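Inside the fold
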Amino acid sequence: MKAPLQSKIFRIVAEQAALINVKSYVIGGYVRDFFLKRSCTDIDIVVEGNGMEVASAVGSILKARVTLFKKFGTAMMCYKGMEIEFVGARKESYRSDSRKPIVENGTLEDDQKRRDFTINAMALSLAREDYGTLTDPFNGMDDLKRKIIRTPLDPDTTFSDDPLRMLRAIRFAAQLDFSIESDSFASIVRNASRIHIVSQERITVELQKIMAAPKPSKGFILLEKSGLLSLLLPQIASLKGVETMEGRGHKENFSHTMEVLDNVASESDNIWLRWAALLHDVGKPSTKHFDKELGWTFHGHDFIGSKMIPGIFRKLRLPLGEEMRYVQKLVQLHLRPVALVNEVSDSGVRRLLFEAGEDLDDLMLLCRADITSKNPRTVRRHLENFEQVSKKMARVEEKDAIRNFQPPISGEMIMKTFGLPPCREVGLIKDYIKEAILDGKIGNNLEEARQLMLERARELGISEVNA
Ligand code: ATP
Ligand code: MG
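Reading the values: rules and limits
Residues numbered from 1 in each chain as written. Chains lettered and ligands numbered in written order. Predicted model: local features only at pLDDT ≥ 70, side-chain atom pairs only at ≥ 80, totals over all residues. Heavy atoms only, no water. Axes fitted to C-alpha atoms, helices over the stretch in contact; angles between N-to-C directions. Helix = DSSP H or I, 4+ residues; strand = E, 2+ residues; numbered from the N terminus. Parallel < 35°, antiparallel > 145°, perpendicular 65-115°, else oblique. Left-handed = near helix turned anticlockwise from the far one by under 90°. Contact = heavy atoms within 4.5 Å. Nonpolar A, V, L, I, M, F, W, Y, C, P; charged D, E, K, R; others polar. Salt bridge = Lys/Arg side-chain N within 4 Å of Asp/Glu carboxyl O. Buried < 20%, exposed > 50% of the residue type's maximum accessible area, 1.4 Å probe, protein only. Near = heavy atom within 4 Å. Polar contact = N/O pair within 3.5 Å; in protein donor to acceptor, adjacent residues only side chain to side chain. Areas by Shrake-Rupley, 256 points an atom, 1.4 Å probe, with all protein chains shown as cover. Domains from an automatic or database assignment.

Turning our eyes to something else, we now look at the packing of helix H14 (residues 271-279) against helix H17 (residues 322-333). At their nearest, the axes of H14 and H17 sit 9 Å apart, and the two run at 45 degrees to each other. Taken as axis vectors, H14 and H17 run oblique relative to one another. H14 and H17 meet at a crossing whose hand is right-handed. Facing Trp272, Leu273, Trp275, Ala276 and Leu279 of H14, the residues of H17 in contact are Glu323, Tyr326, Val327, Leu330 and Val331. Looking at side-chain class alone, the contact of H14 with H17 contains 9 nonpolar, no polar and 1 charged residues.

Set out below in structure tokens:
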């Protein structure tokens, strides 16, 4: 089989490699994505010889900057938004305590054997005599057509040498909607505990790619089945299972979470909203309780869950700033919209609008995604309730403009009016006004707020300057 490699970059690599009499190939992800018709911006070139030398020659023709990594014998070039990596073909051997191999020069075939999966081991020649010809020693093309992830060698060797490959297998399965061949999967189960030699950063890169997949549940379900989930995210693994008391079971929280995650993913590419979906019920296992009258309850799982987020983010080395606070907020508020169904006054709605602020739409998306049940009648009833709440919110929002609410009286205004330095009383007055607006006791406007400020100050024994 041949591929028409028309891009200028391939022609130039071919010419320069020919000039110094070495063979070069396009290999790995680019070849896979080319046959899958997926776009790909990183190209790997393998050279049977010195990769850095070919890279430097190509760089000077294209006037592109080349970075040499002498220690590894590799080179990186950026050209028109593409990242092109050049490596010398190599043979690798591993020690048991490290992902870092011992490397020797090798042939194309040696290089293909060190690749993770058959679909990632295909190479296209850049030599003049067989330009574009596919070298596919492990039948990667068949696996590509049958949508299968399989290791080129004995899977126990591939996975134990570099356990990150187990996560890559699951990530590709989710990303490309492929299945992992059964021997390869059985080997992941056997080798799962070796994941401990992989750095958390590399693990999290793969988790993020799983999270970005069209149906992230596919990846998380494979992580669970392989035993990796309980090592990487035990808090989610322990959502699995149903306990029964007096003949009553509760909802299976892992599959529910998977459903919620996919519901969110089908509506939004926001990776942090997807994390919020994965983590929304993370407080359930530790709040689970059986009550003779009420049956199974998970009281406070929203609050406990939100408290667990920083620990989880820290362990996963996910960002601890704005993104984490957003996830925390959504986990904490995820039950609130539906709870407003029985609320007759507007104040609960106003409070939620205020607390959710600019994340209200995301909260509502999560909340709607959270409506899952095997019983279609239950789903319908909950959806109707949800619609009712949505309408109520839209009405209050239109009337009171609370979502991006800033109290009409600032701390500075209070200090100026009463000639106060920054102190407790300023905070007290400010909060009092905010609460009164949220409770609907006064309107959201300067006039009424000013009036209330004066009243409250009088009660606290504070008088206006120049009054
Ligand atoms: P993506 O770019 O979508 O992450 P990719 O397969 O291109 O997927 P890269 O990390 O760009 O992944 O790696 C390029 C190629 O290098 C792969 O296709 C594979 O042949 C090889 N490779 C990458 N990581 C490993 C690994 N841990 N073990 C063996 N081969 C690997
Ligand atoms: Mg790549």
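For the structure on display, the rule yields 32 salt bridges. One salt bridge in this structure joins aspartate 111 and arginine 115, with 2.7 Å as the shortest N-O distance. In this pair, the class of aspartate 111 matches that of arginine 115, namely buried. Notably, a salt bridge pairs aspartate 156 with arginine 190, separated by 3.2 Å at the nearest N-O pair. With aspartate 156 in helix H6 (residues 155-161) and arginine 190 in helix H8 (residues 182-191), this pair connects stretches of sequence that are 34 residues apart. Take arginine 190: its relative accessible area is 53%, and that puts it in the exposed class. Via salt bridges that share partners, Arg90, Glu92, Asp111, Arg114 and Arg115 belong to a single interconnected network.

As a matter of local geometry, ligand 1 sits amid 15 residues, with Arg32, Asn120, Asp162, Arg165 and Lys209 nearest to it. One nitrogen or oxygen atom from the main chain of aspartate 116 is found 3.3 Å from a nitrogen atom belonging to ligand 1. A distance of 2.9 Å separates an oxygen atom of ligand 1 from a polar side-chain atom of lysine 209. In the complex, 79% of the free accessible area of ligand 1, which totals 580 Å², lies under the protein chains. Of all elements in the fold, only helix H2 (29-36), strand S2 (42-47) and helix H7 (164-176) reach the threshold of two or more residues within the shell around ligand 1. When residues of the shell around ligand 1 are sorted by domain, at least three fall in each of domain 1 (8-143) and domain 2 (147-232).

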